[in-house]
Amino acid sequence: NSFVFRTNTCGELRSAHVGQKVTLYGWVQYQRMFFLLCFSWIRQGLFLVLRDFQGLTQIIIPQDEAHSHVKKLLSNAPVESVVRVTGVVSPRPPGQENPKMPTGDIEVKAETAEILNMCKKLPFEIKDFIKKSEALRMQYRYLDLRSLQLQHNLRLRSRVVMRMREYLCNLHGFVDVETPTLFKRTPGGAKEFLVPSREAGKFYSLPQSPQQFKQLLMVGGLDRYFQVARCYRDEGSRPDRQPEFTQIDIEMSFVDQAGIQRLIEGLLQYSWPEEKGSITTPFPSVTYEEALAEYGTDKPDTRFGMKIVDISDVLRLSDIQFVQNALSCPRGTIRAICIPQGVRYLKNKDLESLRESAKSQFNQQIMEIIRRPDGSLKSLLTKFLGEKQQSELIQALNMQVDDVVLLAAGEHKQVCSALGSLRLLGASLLEAAGLALRDPTAFHFLWVVDFPLFLPKTENPTELESAHHPFTAPHPSDADLLYSDPTKVRSQHYDLVLNGNEVGGGSIRIHSAEQQRFVLEKVLKEDSEVLSHLLEALESGAPPHGGIALGLDRLISLIVDAPSIRDVIAFPKSFRGRDLMANAPDYVTAEELEPYHVQVSWPLEEKEAKKN
């Protein structure tokens, strides 16, 4: 309450304050008439509930003639009007306490009041239980911010960031450095926003991360850098992504992968909200290949089982034609997942949707196997399997009665990816039917390491692109392969996964100018001149260094169990990347564009719309 008019907030008054004269400021949450008849007294009148950032306080409006002005003023104040109330804290009458409110034992009897701002009729009520479309919420974001949930999310976010600053700066000597927003295009990676300049034909780029700057800071000898960094990607907005977002950006000199991992584990443990319980370190770790083989994805949700099982050896001697065709191909495999109690919880349409999903997304056929109550198997495959093979299959998959197995055959990565997707879809279907699998209050962190350094380009598989970015160092054991067979090189990249969501990623960087130039020119076929400044820096005594970036928006959204990162950002963009409140992006005039040497070629329908 320092520096402001009020004596107390609306959420702090308790029985200990009874008898004190207080001044409160806030919004009118609601008004209500009351009439109460008890054995020894009659009570009637009007009360309102005043709300501010910290909570609610019940205000009793006096009914006597001496306070008629206050009664008239507050009785006519529309909901969500901003008011000042001065009065005396009183205990609530016996039986009228509200244990659901922290201030439920007291009320304030108003003596004077002032309406600071009358509120017009709003497009929606400021109550969390009132359903509003997301578009409406974003159009009137300044109203939506008054909701208890958004207030909680943003304040928790602020506390977490402050604790992170304490841990990095005060405890471990990191330097908080702001890096430029106007930069130049970076080869590879996500598509970047362009910003025109006054030099004809020349454009800035908004950085998708401060990657080059933080490496240059290490060359500059800062040793330990961090930043709460704004980053930009010109991509369609998704539930877990925005065109502008925030990351906790970190870089260190003279460090290896294990050092970065220990730092981040300590950072999260130190900044973790107390009300969410404790987190255990060190976090478990799996390789990229292990994650793909067991979970079908490089960001596994380890809160539940249903792992992918390799049953190639069980079926290798069978006479099933599609099995033999798959196993005869390079990296051919037979794998399966077991859906517990699938017969009981899944309907035929659910199983059909799983088959259709595998077919449409991965072009993968799926076979089902069901274990009947008598222990036998029901499937189109059973007539091709002997009793011993069926027993081995049950044992390999740990099949129980009423379990449903989904089996896939084909190329390793395609099969695992399809089953990994079905694993998540199957879990969602089971939960929708009432079987609890993923504890929403549990937080399962996981490191994924040993990613490939390069991947074939989707549009031209004969060419390579960086799996993450071109500054990632090769795995020490694979350094020689970089020059002979780069497709087999593992990287020193590491991802941090939480409940099946990537919340961080980083790597040990290339600190040799010669190696960096080789990667750019010979492997990626990029023009190294674009990065001449970085290459020159690496030739100027660059220390070994590495770092990581944590996606702050995504991390906070998982902590508070928000359906979208838009629920933890004060002013987010819509699904299509628009600001619905201010209607941005917007048109500018030709005169405004002229200094930037930019002309807009309008589509015909937009030309007509602008004329009208």
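Remember, predicted model here, so these are calculated numbers, not experimental data.

Within the chain, the secondary structure is distributed over 19 helices and 22 strands. By principal-axis analysis of the C-alpha atoms, the chain measures approximately 95 × 75 × 60 Å. Among the 612 residues that make up the chain, the fraction classed as buried is 48%. The long-range share in the chain, meaning contacts at least 24 apart out of those at least 6 apart in sequence, stands at 67%. Summed over its atoms, the accessible surface of the chain is roughly 31500 Å², and 52% of this surface lies on carbon and sulfur atoms.

This part is about the side chain of R438. Position of R438 among the secondary structure elements: in the loop between α13 (412-432) and β17 (445-449). For R438, the side chain forms a polar contact with the side chain of S428, separated by 3.0 Å. Engagement of the side chain of R438 in a polar contact is seen with the side chain of E431, the distance being 2.7 Å. When near neighbours in sequence (up to four residues on either side) are disregarded, R438 contacts D301, R303, F304, L424, A427, S428 and E431.

Those residues of helix α15 (residues 513-523) that sit buried are A513, Q515, Q516, V519, L520 and V523. Tucked inside the fold, the buried residues of α15 contact β18 (454-456), β19 (464-466), α14 (481-484) and α16 (532-538). Within two residues after α15, K525 carries a phi angle of roughly 60°, on the positive side.

Residues T281 and P282 are joined by a peptide bond in cis, for which omega reads 0°. Relative to the assigned elements, P282 resides in the loop between α6 (257-271) and β11 (285-287). In the segment running from A584 into P585, the intervening peptide bond is cis, with an omega of 0°. With phi around 55°, R331 is a residue other than glycine that occupies positive phi space. One can find R331 in the loop between α9 (321-327) and β13 (332-339).

Going through the model one piece at a time under the given rule, you end up with 33 salt bridges. Measuring nitrogen to oxygen at the nearest pair gives 3.0 Å for the salt bridge that ties R566 to E134. With R566 in the loop between α17 (552-559) and α18 (590-593) and E134 in helix α2 (residues 134-139), this residue pair connects regions lying 432 residues apart in the sequence. A salt bridge links D176 to R165; its shortest N-O distance comes to 2.6 Å.

Let us look at the sheet that holds β13. To summarise the sheet geometry, strands pair through backbone hydrogen bonds and adopt either a parallel or an antiparallel arrangement. Ordered by their spatial adjacency, five strands build an open sheet running β12-β13-β16-β14-β15, and the pairing between neighbours is antiparallel. The sheet terminates laterally at β12 (309-310) and β15 (377-378), the two strands that pair on one side only. Pairing geometry for β12 and β13, over two bridges, is antiparallel. If you follow V309 over to β13, its bridge partner there is A336.

Here the domain parsing of the chain yields domain 1 (15-117), domain 2 (151-286 + 445-568) and domain 3 (304-433). Just the C-alpha atoms count here: the centres of domain 1 and domain 3 sit 63 Å apart.

Within the secondary structure, R578 sits in the loop between α17 and α18. Assessed through its relative accessible area of 28%, R578 is described here as partly exposed. Here the alpha-carbon distance between R578 and F213, two residues 365 residues apart in the chain, equals 29 Å. Beyond its immediate sequence surroundings of up to four residues, R578 is in contact with K573, N583, A584 and P585.

Pairing of strand β6 (residues 175-176) with strand β9 (residues 224-232) involves two bridges; the strand directions are parallel. Pairing of D176 across the sheet is with F226, part of β9. Pairing analysis gives nine bridges linking β9 to strand β10 (residues 244-253), with the strands arranged antiparallel. Bridge pairing in β10 places C231 opposite F245.

An ideal rise of 1.5 Å per residue puts 21 Å on 15 residues; α6 measures up with 21 Å between its terminal C-alpha atoms. Among the 15 residues of α6, 11 are classified as buried, and the element is accordingly described as predominantly covered. Here α6 has its buried residues at Q257, G259, I260, Q261, L263, I264, E265, G266, L267, L268 and S271.

Looking now at the environment of F245. The residue F245 is located in strand β10 in this model. The class of F245 is buried, set by a relative accessible area of 11%. Residues F245 and L535 lie 290 residues apart in sequence; the distance between their C-alpha atoms is 28 Å.

Before going further, it helps to spend a moment on empty space enclosed by the protein. Overall, the coordinates contain one cavity of 30 Å³ or more when judged by the stated rule. In this structure, the largest cavity spans a volume of roughly 50 Å³. Around the largest cavity, the lining residues are M138, R141, F571, P572, D579, L580 and M581. When its residues are assigned to classes, the lining of the largest cavity shows five nonpolar, no polar and two charged.

Attention now goes to the sheet that holds β6. Strand order in the open sheet formed by eight strands is β6-β9-β10-β22-β21-β20-β17-β11, with mixed pairing between adjacent strands. Strands at the two margins of the open sheet, each flanked by one partner only, are β6 and β11. Inspection of the sheet shows strand β20 (residues 493-498) paired to strand β21 (residues 501-508) by six bridges, in the antiparallel sense. Paired with D495 across the strands is G505, a residue of β21. Strands β9, β10 and β22 (545-551) of the sheet are contacted by helix α5 (residues 211-219), whose axis makes an angle of about 25° with β10.

The next thing to look at is the packing of helix α7 (residues 288-295) against α13. Following both chains from N to C, one finds α7 and α13 inclined at 60°, their axes separated by 7 Å at the closest point. By the angle between their directions, the pair α7 and α13 is classed as oblique. On α13, the residues that touch Y288, E289, L292, A293 and Y295 of α7 are H412, K413, C416, S417, G420 and R423. Of the residues in the contact of α7 with α13, the class split is five nonpolar, three polar and three charged.

Turning next to a nonpolar patch on the surface. Residues Y142, F571 and M581 make up a contiguous nonpolar surface patch of roughly 310 Å² in combined accessible area. The topology assignment puts M581 in the loop between α17 and α18.

Rules of the game
- Residues numbered from 1 in each chain as written.
- Predicted model: local features only at pLDDT ≥ 70, side-chain atom pairs only at ≥ 80, totals over all residues.
- Heavy atoms only, no water.
- Helix = DSSP H or I, 4+ residues; strand = E, 2+ residues; numbered from the N terminus.
- Buried < 20%, exposed > 50% of the residue type's maximum accessible area, 1.4 Å probe, protein only.
- Contact = heavy atoms within 4.5 Å.
- Areas by Shrake-Rupley, 256 points an atom, 1.4 Å probe, with all protein chains shown as cover.
- Polar contact = N/O pair within 3.5 Å; in protein donor to acceptor, adjacent residues only side chain to side chain.
- Salt bridge = Lys/Arg side-chain N within 4 Å of Asp/Glu carboxyl O.
- Pairing = 2+ DSSP bridges.
- Domains from an automatic or database assignment.
- Expected span 1.5 Å × (residues − 1).
- 1 Å grid on protein atoms, 1.4 Å probe; cavity = no way out; pocket = protein on both sides within 12 Å on 5 of 7 lines; lining within 4 Å.
- Points joined across faces, edges and corners; volume = space filled by probe spheres on them.
- Nonpolar A, V, L, I, M, F, W, Y, C, P; charged D, E, K, R; others polar.
- Axes fitted to C-alpha atoms, helices over the stretch in contact; angles between N-to-C directions.
- Parallel < 35°, antiparallel > 145°, perpendicular 65-115°, else oblique.
- Patch = residues over 30% accessible without salt bridge, like charges linked within 9 Å, V, L, I, M, F, W, Y side chains within 5 Å.

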